[in-house]
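Secondary and tertiary structure notes
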Amino acid sequence: MNNSVRPLDIIFGTVTGNAQALAERFSDQCDQLNIPCTLTAAEDWAMESFGVTGRNTVLIFSTWGDGEPPDDAIEFCETLYDQKLPVSHLHYAVVALGDSAYDDFCGCGRRLDDALSNAGATRIMDRVELDVDFDDGFDAWMESFFELRSLQQLSTVTTNQVG
Ligand SMILES: Cc1cc2nc3c(=O)[nH]c(=O)nc-3n(C[C@H](O)[C@H](O)[C@H](O)COP(=O)(O)O)c2cc1C
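In this text, all values refer to a predicted model and were calculated from it rather than measured experimentally. For every chain, the first residue of its written sequence is number 1, and the numbers climb from 1 along that sequence. At least 70 in pLDDT is required for a residue's local features to be given in this predicted model, at least 80 for side-chain atom pairs to be given and counted, and no such filter applies to totals for whole chains, interfaces and linings, which use all residues. The side-chain figures draw on all heavy atoms in the structure; neither hydrogens nor water molecules are used.

Digging into the layout of surface pockets
Computed from the structure, the largest pocket encloses a volume of approximately 320 Å³. In this analysis a 1.4 Å probe is tested at points of a 1 Å grid over the protein atoms alone, and where it fits but cannot get out there is a cavity; an open set with protein on both sides within 12 Å along at least five of seven lines is a pocket; lining residues have an atom within 4 Å of a point. Forming the walls of the largest pocket are 20 residues, and the residues nearest its centre are S62, T63, W64, G98 and D99. Secondary structure elements with two or more residues in the lining of the largest pocket: α1 (18-32) and β5 (91-98). In the scheme used here, Gly and all other residues not listed as nonpolar or charged are polar, with Ala, Val, Leu, Ile, Met, Phe, Trp, Tyr, Cys and Pro taken as nonpolar and Asp, Glu, Lys and Arg as charged. For the lining of the largest pocket, the per-class residue count stands at nine nonpolar, eight polar and three charged. Grid points are joined across faces, edges and corners, and a volume is the space filled by probe spheres set on the points. Under the scheme used here, helices are H or I runs from DSSP no shorter than 4 residues and strands are E runs no shorter than 2 residues, and both carry numbers assigned from the N terminus.

Below, the structure is given as structure tokens:
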């Protein structure tokens, strides 16, 4: 039996760097815990990579305009919003950054989460919505994420076929 940790793709969408900073922190933590991960800006993400099975994906996105994605991430987000990608095998979690002073608080992260869920992807954790002061909320989210992993809910257990 081969019990291996699902590799993790961390994708971020940002304008002023907050989402990127959190994504980098998360990636550093994964490195320390020997969880194999990739870290990619949304605009650099190859959409066909969503076709690769057996991976976890964490999306860390801020919201701009009036509930819009960060400019560089518009194409990425609209592709997911359209629900035309085969993502039913995907296991994912969304970290949404925003400011509750805006009407559409964390609208980009919420739409990404809804689109993936509606397209049949599996949400491994409830979406967290971080309001302006992110650090404590993000640390708590990371702690929950790694607890989940230690419960092996994020692991893929590949059992050799019998017979
Ligand atoms: C012009 C402008 C528009 C924004 N619009 C929204 C919004 O509609 N909803 C929201 O939750 N936050 C909104 N925000 C807040 C950003 O999401 C927040 O500042 C976030 O930390 C930016 O993260 P980033 O540096 O990763 O882009 C807006 C901020 C600015 C400056």
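Looking at the packing of α1 against helix α4 (residues 135-150)
Orientation of α1 relative to α4, taken along the N-to-C sense of each, is 35°, at an axis distance of 11 Å. Judged by the sense of rotation from one axis to the other, the crossing of α1 with α4 is right-handed. In this structure, α1 contributes L22, R25, F26, Q29 and C30 to the contact, and α4 contributes D135, F138, D139, W141, M142, F145 and F146. Each residue belonging to the contact of α1 with α4 can be placed in one class, and the counts come to eight nonpolar, one polar and three charged. Angles run from 0 to 180 degrees between N-to-C directions of axes, and those axes are lines fitted to C-alpha atoms, restricted for helices to the stretch in contact. Note on convention: near helix rotated counterclockwise from far helix by under a right angle means a left-handed crossing. Clockwise means right-handed. Contacts between residues were defined by any pair of non-hydrogen atoms, one from each residue, lying within 4.5 Å.

Remarks on the site of the ligand
We call a residue near a molecule or strand whenever a single non-hydrogen atom of that residue lies within 4 Å of it. Neighbouring the ligand are 20 residues; T14, V15, T16, T63 and C106 lie closest to it. In the analysis that follows, any N or O atom pair within 3.5 Å is treated as a polar contact, provided that within protein one partner can donate a hydrogen and the other can accept it, and provided that, for residues neighboring in sequence, both atoms belong to side chains. G65 is positioned with one of its backbone polar atoms (N or O) 2.9 Å from a nitrogen atom of the ligand. Take D99: an N or O atom from its main chain is 3.1 Å from an oxygen atom of the ligand. All accessibility values rest on the Shrake-Rupley procedure with a 1.4 Å probe; residue burial counts only the protein chains present in the view. Against a free-state accessible area of 640 Å², the protein chains account for coverage of 82% of the ligand. Put plainly, a molecule is in a cavity or pocket when over half of its atoms are within 2 Å of the grid points there. Among the cavities detected, the one that contains the ligand is the largest pocket. Looking at the shell around the ligand, the elements that each hand over two or more residues are α1 and β5. Tallied by class, residues from the shell around the ligand come to eight nonpolar, nine polar and three charged.

Looking at the pattern of salt bridges
A carboxyl oxygen of Asp or Glu within 4 Å of a side-chain nitrogen of Lys or Arg is what we treat as a salt bridge. Under the definition given, this model contains eight salt bridges. We note a salt bridge from E129 to R127, for which the minimum N-O separation is 2.9 Å. Summary of the burial criterion: residues with accessible area below 20% of their type's maximum are buried, those above 50% are exposed, and those between are partly exposed, where the area comes from a 1.4 Å probe applied to protein chains only. Judged by its relative accessible area of 32%, E129 falls in the partly exposed class. Here R127 falls in the partly exposed class, since its relative accessible area comes to 25%. Three or more residues are tied together by salt bridges with common partners; here these are D113, R123, R127 and E129.

Focus: the packing of helix α2 (residues 74-81) against helix α3 (residues 107-118)
Relative orientation of the contacting elements α2 and α3 amounts to 35°, with a least axis distance of 8 Å. Seen from above, α2 lies across α3 with left-handed handedness. Each of C77, L80 and Y81 in α2 lies in contact with α3, whose residues at this interface are C108, R111, L112, A115 and L116.

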